[in-house]
Amino acid sequence: MSTSPDHRLDELGLTLPPLRRPAGHYRGWTTAGDVLHLAGQGADGHTGRLGADLSVTDGYAAARACALNLLAQARDALGSLDRVAQVLVLRGYVACTDDFVDQPGVIDGASDLLAAVFGERGEHARTAIGVRALPKGFAVELDAMLRVR
(Lines give C-alpha, C1' and ligand atoms only; values in the text may rest on other atoms or scores of the structure.)
Protein backbone atom coordinates (compact mmCIF):
# COMPACT_ATOMS: atom_id res chain seq x y z
CA MET A 1 0.00 0.00 0.00
CA SER A 2 1.70 3.19 -1.15
CA THR A 3 -0.83 5.61 0.35
CA SER A 4 -0.12 6.76 3.90
CA PRO A 5 -2.65 5.70 6.54
CA ASP A 6 -3.51 9.35 7.27
CA HIS A 7 -4.22 9.96 3.57
CA ARG A 8 -6.17 6.70 3.38
CA LEU A 9 -8.45 7.93 6.20
CA ASP A 10 -9.16 11.03 4.10
CA GLU A 11 -9.90 8.87 1.04
CA LEU A 12 -12.35 6.84 3.13
CA GLY A 13 -14.03 10.06 4.33
CA LEU A 14 -13.06 9.36 7.95
CA THR A 15 -11.88 11.76 10.62
CA LEU A 16 -10.30 10.61 13.85
CA PRO A 17 -12.30 11.66 16.90
CA PRO A 18 -10.84 13.68 19.79
CA LEU A 19 -9.01 11.59 22.37
CA ARG A 20 -11.31 9.98 24.91
CA ARG A 21 -10.50 10.63 28.53
CA PRO A 22 -9.62 7.49 30.50
CA ALA A 23 -12.51 6.10 32.52
CA GLY A 24 -10.18 5.39 35.44
CA HIS A 25 -6.59 5.69 36.59
CA TYR A 26 -4.67 4.55 33.50
CA ARG A 27 -3.08 5.91 30.32
CA GLY A 28 -4.55 5.66 26.84
CA TRP A 29 -1.32 4.11 25.59
CA THR A 30 2.10 2.89 26.69
CA THR A 31 5.16 1.67 24.82
CA ALA A 32 7.62 -1.15 25.39
CA GLY A 33 10.43 -1.22 22.85
CA ASP A 34 8.85 -1.17 19.41
CA VAL A 35 5.37 -2.17 20.65
CA LEU A 36 2.61 0.35 21.30
CA HIS A 37 -0.08 -0.90 23.69
CA LEU A 38 -3.43 0.85 23.23
CA ALA A 39 -5.83 0.83 26.18
CA GLY A 40 -9.42 -0.29 25.79
CA GLN A 41 -11.63 2.06 23.82
CA GLY A 42 -15.39 2.18 23.67
CA ALA A 43 -17.31 4.59 21.46
CA ASP A 44 -19.76 7.26 22.57
CA GLY A 45 -23.23 6.77 21.12
CA HIS A 46 -22.80 3.00 20.82
CA THR A 47 -24.38 1.50 23.92
CA GLY A 48 -26.52 -1.53 24.58
CA ARG A 49 -26.23 -5.29 24.25
CA LEU A 50 -26.01 -7.40 21.13
CA GLY A 51 -28.82 -9.91 20.96
CA ALA A 52 -31.12 -7.67 23.04
CA ASP A 53 -30.97 -3.99 21.99
CA LEU A 54 -28.61 -4.17 19.02
CA SER A 55 -28.13 -6.08 15.77
CA VAL A 56 -24.86 -7.36 14.35
CA THR A 57 -24.95 -4.37 11.97
CA ASP A 58 -25.17 -2.01 14.99
CA GLY A 59 -22.29 -3.86 16.66
CA TYR A 60 -20.19 -3.70 13.49
CA ALA A 61 -20.65 0.10 13.46
CA ALA A 62 -19.72 0.27 17.15
CA ALA A 63 -16.53 -1.75 16.56
CA ARG A 64 -15.62 0.54 13.66
CA ALA A 65 -16.09 3.60 15.88
CA CYS A 66 -13.95 1.97 18.60
CA ALA A 67 -11.21 1.33 16.03
CA LEU A 68 -11.22 5.03 15.12
CA ASN A 69 -10.71 5.81 18.82
CA LEU A 70 -7.77 3.37 18.88
CA LEU A 71 -6.27 5.11 15.85
CA ALA A 72 -6.67 8.49 17.56
CA GLN A 73 -4.70 7.12 20.53
CA ALA A 74 -2.04 5.73 18.18
CA ARG A 75 -1.67 9.06 16.40
CA ASP A 76 -1.36 10.79 19.78
CA ALA A 77 1.40 8.36 20.77
CA LEU A 78 3.28 8.38 17.48
CA GLY A 79 2.57 11.75 15.88
CA SER A 80 1.66 9.98 12.62
CA LEU A 81 0.02 6.71 11.70
CA ASP A 82 2.84 6.28 9.14
CA ARG A 83 4.91 4.95 12.06
CA VAL A 84 2.66 1.88 12.42
CA ALA A 85 4.63 -1.05 11.01
CA GLN A 86 2.02 -3.73 11.84
CA VAL A 87 -1.19 -4.16 13.79
CA LEU A 88 -0.18 -7.17 15.86
CA VAL A 89 -3.20 -7.98 18.04
CA LEU A 90 -6.76 -6.72 18.31
CA ARG A 91 -8.89 -7.79 21.26
CA GLY A 92 -12.63 -7.20 21.03
CA TYR A 93 -15.18 -7.42 23.81
CA VAL A 94 -18.87 -7.47 22.90
CA ALA A 95 -21.60 -6.77 25.45
CA CYS A 96 -24.22 -9.37 24.60
CA THR A 97 -26.88 -11.77 25.75
CA ASP A 98 -25.89 -15.27 26.85
CA ASP A 99 -27.12 -16.79 23.59
CA PHE A 100 -25.44 -14.30 21.21
CA VAL A 101 -22.70 -16.06 19.22
CA ASP A 102 -21.64 -13.69 16.41
CA GLN A 103 -18.92 -11.76 18.26
CA PRO A 104 -16.58 -12.28 15.27
CA GLY A 105 -19.08 -10.58 12.93
CA VAL A 106 -19.22 -7.60 15.28
CA ILE A 107 -15.45 -7.22 15.66
CA ASP A 108 -15.08 -7.47 11.87
CA GLY A 109 -16.13 -3.79 11.91
CA ALA A 110 -12.76 -2.95 13.46
CA SER A 111 -10.73 -5.51 11.52
CA ASP A 112 -12.15 -4.33 8.20
CA LEU A 113 -11.35 -0.71 9.06
CA LEU A 114 -7.76 -1.49 10.07
CA ALA A 115 -7.22 -3.42 6.82
CA ALA A 116 -8.70 -0.53 4.81
CA VAL A 117 -6.43 2.01 6.51
CA PHE A 118 -3.17 0.02 6.67
CA GLY A 119 -3.49 -2.62 3.94
CA GLU A 120 -1.52 -5.76 4.79
CA ARG A 121 0.01 -3.97 7.79
CA GLY A 122 -3.50 -3.90 9.25
CA GLU A 123 -3.93 -7.68 9.19
CA HIS A 124 -3.72 -8.97 12.78
CA ALA A 125 -4.28 -11.76 15.25
CA ARG A 126 -7.58 -11.29 17.08
CA THR A 127 -9.83 -12.27 19.93
CA ALA A 128 -13.59 -11.66 19.99
CA ILE A 129 -15.21 -12.31 23.36
CA GLY A 130 -18.78 -11.93 24.56
CA VAL A 131 -19.26 -10.31 27.98
CA ARG A 132 -22.27 -9.44 30.10
CA ALA A 133 -21.45 -5.72 30.47
CA LEU A 134 -18.82 -3.15 29.51
CA PRO A 135 -17.86 0.19 31.11
CA LYS A 136 -20.30 3.05 30.52
CA GLY A 137 -22.73 0.64 28.87
CA PHE A 138 -20.62 0.42 25.71
CA ALA A 139 -21.67 -2.24 23.21
CA VAL A 140 -18.06 -2.92 22.19
CA GLU A 141 -14.62 -2.27 23.63
CA LEU A 142 -11.31 -2.83 21.82
CA ASP A 143 -7.67 -2.80 22.78
CA ALA A 144 -4.68 -3.42 20.55
CA MET A 145 -0.93 -3.86 20.24
CA LEU A 146 0.95 -2.31 17.32
CA ARG A 147 4.55 -2.72 16.17
CA VAL A 148 5.97 0.71 15.45
CA ARG A 149 9.02 2.11 13.69
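Model, not experiment: these values are computed from the prediction. Residue numbers restart at each chain and count upward from 1, following the sequence in its written direction. Totals for whole chains, interfaces and linings use every residue, but because this is a predicted model, local features are given only for residues with pLDDT of at least 70 and side-chain atom pairs only at 80 or more, for both listing and counting. Only hydrogens and water are removed before side-chain values are computed, so all heavy atoms of the structure are retained for them.

**Student:** I'm lost on the state of the cysteines in this one. Help?
**Tutor:** Criterion for a disulfide: a pair of cysteine sulfur atoms at a distance within 2.5 Å. Taken as a whole and judged by the stated rule, the model has zero disulfides. In this structure cysteine 66 is not part of a disulfide, and its nearest cysteine sulfur, from cysteine 96, lies 14 Å away.

**Student:** What should I look at first to understand the sheet that holds strand β2 (residues 35-41) in this one?
**Tutor:** Picture the strands of a sheet paired through backbone hydrogen bonds; they go either parallel or antiparallel. Ordered by their spatial adjacency, five strands build an open sheet running β1-β2-β5-β3-β4, and the pairing between neighbours is mixed. Because the sheet does not close on itself, it has two edges, and the strands there are β1 (29-32) and β4 (125-131). Pairwise comparison of adjacent strand axes, ignoring direction, gives a mean angle of 15 degrees for this sheet. In this description, strands pair whenever DSSP reports at least two bridges between them. Working definition: helices are DSSP H or I runs of at least four residues, strands are E runs of at least two. Numbering for both runs from the N terminus. Looking at chain direction, β1 and β2 are connected through four bridges and run antiparallel. Residue tryptophan 29 lies in a different strand from β2, and its bridge partner there is leucine 38. Against the sheet, helix α2 (residues 56-78) touches β1, β2, β3 (84-95) and β5 (140-148), its axis set at about 40 degrees to β5. It only takes one pair of heavy atoms within 4.5 Å for two residues to be counted as in contact. Axis angles are defined between N-to-C directions and span 0 to 180 degrees, where every axis is a line fitted to C-alpha atoms and, for a helix, only to the segment in contact. Across the face of the sheet, helix α3 (residues 103-118) comes into contact with β3, β4 and β5 while running at roughly 160 degrees to β3.

**Student:** Teacher, can you tell me more about the pairing of β4 here?
**Tutor:** If a strand is regular, its side chains alternate between the two faces of the sheet. Summarising the sheet, β3 and β4 pair through seven bridges and their orientation is parallel. Residue pairing for β4: arginine 91 is matched across the bridge by threonine 127.

**Student:** What should I look at first to understand the UniProt feature "domain: Endoribonuclease L-PSP/chorismate mutase-like" (unreviewed entry) in the protein chain in this one?
**Tutor:** UniProt positions are given in the numbering used here, feature names are shortened, and annotations may be inferred rather than shown by experiment. As recorded in UniProt, the sites labelled "domain: Endoribonuclease L-PSP/chorismate mutase-like" (unreviewed entry) are residues 8-128. Across residues 8-128, the secondary structure splits into 36% helix and 22% strand, with the terminal C-alpha atoms separated by 26 Å.

**Student:** Looking at this structure, I do not really get the packing of aromatic side chains. What am I missing?
**Tutor:** Where two aromatic rings form a pair, the distance of their centres and the angle of their planes describe that pair. Any two rings among Phe, Tyr and Trp, with Trp reduced to its six-membered ring, count as a pair given centres within 6.5 Å; such a pair is stacked if its planes are under 30 degrees apart, edge-to-face if over 60, and tilted if neither. With the rule as written, the count across this model stands at zero aromatic pairs. Remark: a charge is flagged as sitting over a ring if the NZ atom of Lys or the CZ atom of Arg is within 6 Å of the ring centre and within 35 degrees of the ring normal. Across from the ring centre of tryptophan 29, 5.4 Å away, lies the NZ or CZ of arginine 27, which sits over that ring.

**Student:** Honestly, the pattern of salt bridges in this entry has me stumped. Any pointers?
**Tutor:** It is possible for side chains bearing opposite charge to pair when their charged atoms get close. Within this document, salt bridges are pairs made up of a side-chain nitrogen of Lys or Arg and a carboxyl oxygen of Asp or Glu, the two lying within 4 Å of each other. In total, this model carries six salt bridges according to the counting rule given. Salt-bridge contacts for arginine 75 lead to aspartate 6; the nearest nitrogen and oxygen are separated by 2.3 Å. Taken together, the residues span a long stretch of sequence, with arginine 75 in helix α2 and aspartate 6 in helix α1 (residues 5-11) at a distance of 69 residues.

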